[in-house]
Structure formats: structure tokens, C-alpha cells
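# Coordinate analysis (summary)
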Amino acid sequence: MKYLFVTGGVMSGLGKGITAASIGRLLKSRGFDVTAIKIDPYLNVDAGTMSPFQHGEVFVLKDGGEVDLDLGNYERFLNTELTSEHNITTGKVYRSVIEKERSGEYLGRTVQIIPHITNQIKDRIRDVAKKSDSDICIIEVGGTVGDIEGMPYLEAIRQLRNEEGKDNAMLIHVTLVPILDVVGEQKTKPTQHSVKELRGLGLDPDMVVGRCEEPLKEKTKSKIALFCDVKEEAVISMRDAEDIYQVPLLLEKENIAEIISSQAGLEKKKNDLSEWRGYVENILNPEKLVNIALVGKYTDLEDSYMSVIEAIKHSAAEKNTGYNILWTDAENLEENKDFNYLKKADGILVPGGFGSRGSEGKIEAIKFARERNKPFLGLCFGFQLAVIEYARNVVGLEGACSTEIDEDIEHPVIDLLPEQKEIDELGGTMRLGNQITEIKKNTLAKDLYGKEEIIERHRHRYEVNPNYIQRLEENGLKFSGEDEEGKRMEILELPNHKYFLGTQFHPEFKSRLESPSPPFLGFIEAMNENN
Ligand code: GLN
């Protein structure tokens with residue numbers, strides 16, 4: 001097992017996760033088995049209780065783990081499925097140590113950050129790596145070197161490198177190389193300082209990746225090599241990319257995987273990136289273009305909908321189509337009835353969400369899509385709101401709503417899942433992760449998936465109220481997918497519409513560049529037919 005640690009310096013937002021995932025991709029394309037761990041030094045046990053405003057979307061894994069969005073990038077770049085253990089948080093680490101202390105495992109001893117917390121961190125890393133049965137495990141440390149929260153992790157990495165040997169546990173540091181406008185010079189001082197900080201903690205990097213607007217000049221590389229004590233070939237230039245999927249190709253030019261393999265003593269293997277190159281070519285130079293109105297609450301922070309955007313991108317690339325997102329603020333739609341984006345759009349997408357704010361705006365958007373025969377895709381909350389819209393405006397159930405939005409409504413067409421009624425803790429208690437959906441014959445859903453049983457990931461507390469299913473169906477709404485017991489509605493569609501599909505699950509989480517998600521693929525196709 002080879003460990004590859006990735007730390008970040010100078011500031012956050014340098015694309016450390018994408019860099020790490022891209023390195024993984026390059027090693028994988030050489031035939032190695034690669035897995036990844038993301039360390040998040042915050043105290044939350046998982047990302048499930050955090051607002052998308054702060055940390056971007058909550059990514060959901062097959063085992064129901066609610067994790068940092070970087071895990072999504074690892075799954076997409078490595079084309080793999082990870083589990084919650086692949087996201088180590090300070091909350092999880094401390095919880096285990098404190099539980100052990102309470103059970104008496106450390107009886108008689110003082111429980112301390114070193115060695116108890118650091119041991120727990122090392123054990124977790126080793127366990128996950130071992131269980132995954134991979135050749136290489138990439139471990140990304142969230143945050144920036146120097147953050148107080150990150151210290152125990154860096155100390156654990158120092159110990160682990162000593163125990164495993166440095167060639168078996170390499171360290172890659174990603175930093176910023178700014179260009180000073182006045183002189184146009186690539187400045188290395190921030191990198192020098194951040195590596196100095198790292199070395200002060202006993203960690204000397206084997207490789208420095210310099211993020212810069214433009215490729216690093218030879219002069220810049222030599223300077224970094226000299227001051228940071230790394231080989232010149234191990235200073236890697238990482239310029240801004242037009243798209244994240246281009247990053248592996250840019251890093252390949254820098255020979256990064258060869259340098260890592262030779263230091264780690266891994267057998268040299270030929271790589272094959274031709275397929276990947278083809279996808280990137282389609283992303284960067286599409287033949288046609290579609291406009292998609294994405295109606296949401298967090299439209300100021302694009303990371304809130306990362307997997308949705310990636311899933312659009314995968315399907316668009318497959319269909320050689322470019323896409324333009326019209327970020328449509330649901331509250332603005334509600335208050336100002338500004339339908340310009342909806343009119344301009346070739347298709348309307350209402351993603352997952354929570355709470356009442358903006359929900360009426362989203363319902364307006366769904367009505368618009370239904371009445372004007374515009375391709376529509378509703379995900380989770382978007383699916384639930386489509387049921388509400390139909391109940392109100394077609395079935396004629398005035399005031400139909402979800403009990404999530406209003407507890408005392410006359411027609412609760414969306415209601416709390418029965419098993420949720422006894423739950424009062426909010427962390428990790430939704431209906432989460434993989435669940436089976438049975439698809440009915442002769443439906444759009446069956447055409448899209450091409451099979452009658454699918455597995456998709458979930459994250460919800462509410463569902464279509466079983467008492468209303470019959471009435472909705474009698475009035476033309478088709479539930480084309482249900483859970484195995486036929487109790488839970490999973491997919492809805494409108495047979496006479498160009499493309500109107502809603503899913504209670506989140507198909508975006510399983511979409512890959514190599515295998516785009518069927519509901520998204522159908523959505524893009526329907527929009528193409530429009531043009
Ligand atoms: N708020 C809705 C529920 O809990 C939808 C959740 C979602 O969109 N992820 O059921």
C-alpha cells in the first residue's frame with residue numbers, strides 16, 4: 001500500500017481536491033487500483049448538518065454517508081463508489097476516542113491528542129486503505145497548513161510517514177503562485193512560507209504543485225525547488241483550466257504520475273487517456289448549445305449544486321452539447337414573477353432542497369414547464385413540488401402542499417415518511433443512500449434506464465402521501481417507479497409531455513463522465529430536439 005498525502009498552502013479554494021482526484025485518475029489510467037480519503041478537520045461528525053451556503057452541497061454515498069463534496073469528485077474522477085469511512089472528520093475521530101474512554105479502554109491513562117487522537121487518525125487511514133484493497137490511497141487534508149484544527153492530522157501524517165517509510169507515504173503540497181500585476185512576475189514567496197511552515201511540523205514535501213493563472217516558468221520552478229528543497233522535476237505547474245476534467249490532461253503533461261510512480265517504486269505502466277481526452281474535447285468544443293434554467297435557493301454559490309451541474313455536464317458531453325446555466329433564484333421568481341429566464345430556457349430543472357423559502361417560486365417554474373411543454377427534470381424536492389403543482393392545478397386540490405412547508409394544510413400530498421415520526425435527532429437520520437426502485441413497463445423511465453430495477457441514492461424525510469396516489473394517477477400523473485414494496489413513489493412522469501420527469505432519489509450522485517445518469521441524458525436529448 002502506498003499512501004499519497006495532499007496538503008494545501010497559502011489559501012483555500014486552490015483546487016486541491018481536483019488536483020488530488022486528477023492524480024488518482026492518472027494513476028488509475030496506468031492500471032493501478034486507487035482509492036481516496038478526504039480529511040475534514042471540522043467538529044461536525046458529518047456534512048449532513050451543514051448548510052450548502054457554507055460548504056457547498058452535501059454529497060451522499062451509497063451507504064448513506066452524508067459527506068463533503070470532494071468525495072463526489074473522487075467518485076467521479078476515479079469512477080468508483082466510496083463509503084462514509086472515506087471521509088474522516090474531527091467529529092468522528094473525537095467521538096470514537098471519547099466512546100473508548102467512557103468504555104474504559106484507556107483505564108488509568110490520561111487521554112491526549114498525542115498519542116490517542118493521532119493513533120485514531122492513523123488507524124482510520126490504514127483501515128480504510130486496507131479494506132479498499134487498493135495499490136494507492138490518496139489522502140487529502142482539508143483546509144490550509146497552519147490551521148489550528150488541522151494540526152493533529154499533520155502530526156499523524158508525520159508519524160505515519162516515519163512508520164511506513166517516506167517512499168511509501170509521499171507528501172504533495174498544493175500552493176498558490178500569484179502574479180503581481182505591476183511587474184507581471186510569478187511570486188514564489190507565499191509558497192516558500194507555506195512549505196517552511198510544513199517543514200516546521202516535520203513534514204518535508206516530495207512534490208510541490210504550484211497553482212497559477214499561467215504555466216509556471218522554468219525560473220519559478222527552479223526557485224521553488226531550491227527554497228523548498230524538492231527536486232526541480234517535482235515542482236509541478238498547474239495553470240487555471242477551462243474545465244475540471246482537463247486537469248488530469250494538464251498534469252499528465254507535467255509527468256506527475258511518472259514521478260510519483262518512480263519515487264514510490266511502483267512498476268512503470270503505460271497509460272491510456274484517449275477516452276478521457278475525447279470527453280474533454282466534447283466539453284470544451286460542443287457542437288450545439290442548450291439553456292437550462294436551474295431554479296434554486298442557493299444560486300449564489302454554485303458549489304451548492306455541484307453534482308447536479310456535473311451530471312448535466314456528463315450528459316451534455318455524451319451528446320456533444322454545450323450548456324448554459326441560467327441561475328434562477330426561486331425567491332425572486334416568487335416575489336417579482338420574473339419569467340425571463342424560464343422563457344429563454346430550453347429546459348427547466350428544479351433540484352433538491354429543504355424548507356419553505358422559495359418553494360412557491362419553484363412551483364411556478366414547474367407549472368411553466370408543464371403548461372408550455374418545456375423539458376423538466378425535478379430532483380427530490382423538485383419531484384415533491386411537481387406533485388404539489390399537479391395536485392393544485394390539475395387535480396384541483398386547492399392548498400395542496402407538503403407538511404414540511406406547512407404542517408396544517410388541507411391536502412398534505414407530501415408528508416413525513418412514517419418511520420420519521422419518532423425521530424428527533426437530525427444528524428444522519430433521513431432516508432439515506434442506496435435504495436431499490438422498481439420501474440414500470442412502457443414508461444419513459446423504463447426507456448431511459450433500459451431495465452426494471454435500478455439502485456439510486458436518496459436523502460429525504462418526506463414522501464408522496466399514499467392517500468393521494470390514486471387521485472393523482474386518475475388525473476394523469478404517472479408514477480413510473482416505486483420502491484420494492486410499492487409503498488413509496490420514486491419516479492413521476494407526464495405521458496403527454498415532451499419530457500417531464502421527477503425522481504424522489506438523486507440520480508446526480510451516480511453520474512460519471514463515462515456513464516452519464518439516464519434522467520439527465522434524457523433531459524439533454526429532449527432539449528436538443530427543441531432546437
Ligand atoms: N426536503 C425534502 C425532504 O426532506 C427533500 C429533500 C431533498 O431534496 N434532498 O424530503
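So, here is what we can say about the structure in this document. Source: prediction; values computed, not measured. (Residues numbered from 1 in each chain as written. Predicted model: local features only at pLDDT ≥ 70, side-chain atom pairs only at ≥ 80, totals over all residues. Heavy atoms only, no water.)

## Focus on the packing of helix α1 (residues 16-28) against helix α10 (residues 256-264)
Stated precisely, the cut-off is as follows: Inter-axis angles, ranging from 0 to 180 degrees, are taken between N-to-C directions of lines fitted to C-alpha atoms, where helices are fitted over the stretch in contact. Put simply, DSSP marks the helices as runs of H or I at least four residues long and the strands as runs of E at least two long, and each gets a number from the N terminus on. Each angle receives one of four descriptions, namely roughly parallel if under 35 degrees, roughly antiparallel if over 145, roughly perpendicular if within 65 to 115, and oblique otherwise. The criterion used for residue contact is that any of the two residues' heavy atoms lie within 4.5 Å. Any residue outside Ala, Val, Leu, Ile, Met, Phe, Trp, Tyr, Cys, Pro, Asp, Glu, Lys and Arg is labelled polar, Gly included; the first ten of those are nonpolar and the last four are charged.
Where α1 meets α10, the closest approach of the two axes is 9 Å, and the angle between their N-to-C directions is 75°. In terms of axis orientation, α1 runs roughly perpendicular to α10. Every residue of α10 that contacts α1 at Ile23, Leu26 and Leu27 is listed here: Ile256, Ala257, Ile260 and Ser261. Split into classes, the residues belonging to the contact of α1 with α10 amount to six nonpolar, one polar and no charged.

## What to know about the sheet that holds strand β20 (residues 462-464)
The condition that has to hold: Between any two strands, at least two bridges found by DSSP are needed for them to pair.
Read from one edge of the open sheet, three strands run β16-β17-β20, paired in mixed fashion. Unpaired on one side and paired on the other, β16 (400-402) and β20 mark the two borders of the sheet. Put simply, the sheet's adjacent strands are angled 30° from each other on average, direction ignored.

## What to know about empty space enclosed by the protein
Rules: We place a 1 Å grid over just the protein atoms. Points where a 1.4 Å probe fits but has no way out form a cavity, open points with protein on both sides within 12 Å along at least 5 of 7 lines form a pocket, and any residue with an atom within 4 Å of a point lines it. Grid points are joined across faces, edges and corners, and a volume is the space filled by probe spheres set on the points.
Taken as a whole and judged by the stated rule, the model has two cavities of 30 Å³ or more. Put simply, the largest cavity is a space of about 60 Å³. As for the largest cavity, its lining consists of Thr7, Gly8, Pro41, Val141, Gly142, Gly143, Thr144, Val145, Asp147, Gly150 and Leu154. Grouping the amino acids of the lining of the largest cavity by side-chain chemistry returns four nonpolar, six polar and one charged. As a volume, the second largest cavity reaches approximately 40 Å³.

## Considering the pairing of strand β19 (residues 453-460)
Selection rule: With a 1.4 Å probe rolled over the protein chains alone, any residue whose accessible area is under 20% of its type maximum counts as buried; one over 50% counts as exposed, and the rest are partly exposed.
In terms of residue burial, β19 counts as a mostly covered element, since six of its eight residues are buried. Here strand β18 (residues 431-439) pairs with β19 via eight bridges, running antiparallel. Within the sheet, the bridge partner assigned to Thr437 lies in β19 and is Ile454.

## A short note on the packing of aromatic side chains
Inclusion rule: In this analysis, rings of Phe, Tyr and Trp, with Trp reduced to its six-membered ring, are considered paired at centre separations within 6.5 Å, and the interplanar angle assigns stacked below 30 degrees, edge-to-face beyond 60, and tilted for intermediate values.
For the structure shown, the criterion picks out nine aromatic pairs. Taking 5.1 Å as the distance between ring centres and 20° as the angle between the ring planes, the aromatic pair formed by Phe77 and Tyr245 counts as stacked. Taken together, the residues Phe77 in helix α3 (residues 69-78) and Tyr245 in the loop between β11 (235-239) and α9 (247-253) connect sequence positions 168 residues apart. Judged by relative accessible area, Phe77 falls into the buried class, the value being 0%. Exposure remark for Tyr245: the relative accessible area of 1% places this residue in the buried category. Between Tyr499 and Phe523 the ring centres are 6.2 Å apart and the planes differ by 40°, which places this aromatic pair in the tilted class. Of this pair, Tyr499 sits in the loop between β22 (489-493) and β23 (500-503) while Phe523 is found in helix α19 (residues 518-530), placing the two residues 24 residues apart along the sequence. Comparing Tyr499 with Phe523, the two get one shared label, buried. Cluster of aromatic residues (ring-pair linked, three or more members): Phe77, Tyr245 and Trp276.

## Examining the sheet that holds strand β6 (residues 136-141)
Spatial strand order, β5-β2-β6-β1-β7-β10-β11: seven strands in an open sheet with parallel pairing. The open sheet has two edge strands with one neighbour each: β5 (87-89) and β11. On average, each strand axis in the sheet is inclined to that of its neighbour by 20°, with strand direction left out of account. Relative to β11, strand β10 (residues 207-212) runs parallel, the two sharing five bridges. Within β11, the residue paired with Gly210 across the bridge is Ser237.

## Some remarks on the side chain of Glu66
This is how it is decided: Each polar contact in these results corresponds to two N or O atoms within 3.5 Å; when the atoms are within protein, one needs to be able to donate a hydrogen and the other to accept it, and residues that are neighboring in sequence are counted only if both atoms are side-chain atoms.
Relative to the elements of secondary structure, Glu66 occurs in strand β4 (residues 66-67). Taking the relative accessible area as the measure of exposure, Glu66 reaches 4% and is therefore buried. One polar contact links Glu66 to Arg459, side chain to side chain, over a distance of 2.7 Å. Leaving out residues up to four positions away in the same chain, Glu66 has contacts with Asp46, Ala47, Gly48, Val58, Phe59, Gly428, Met430, Leu432 and Arg459.

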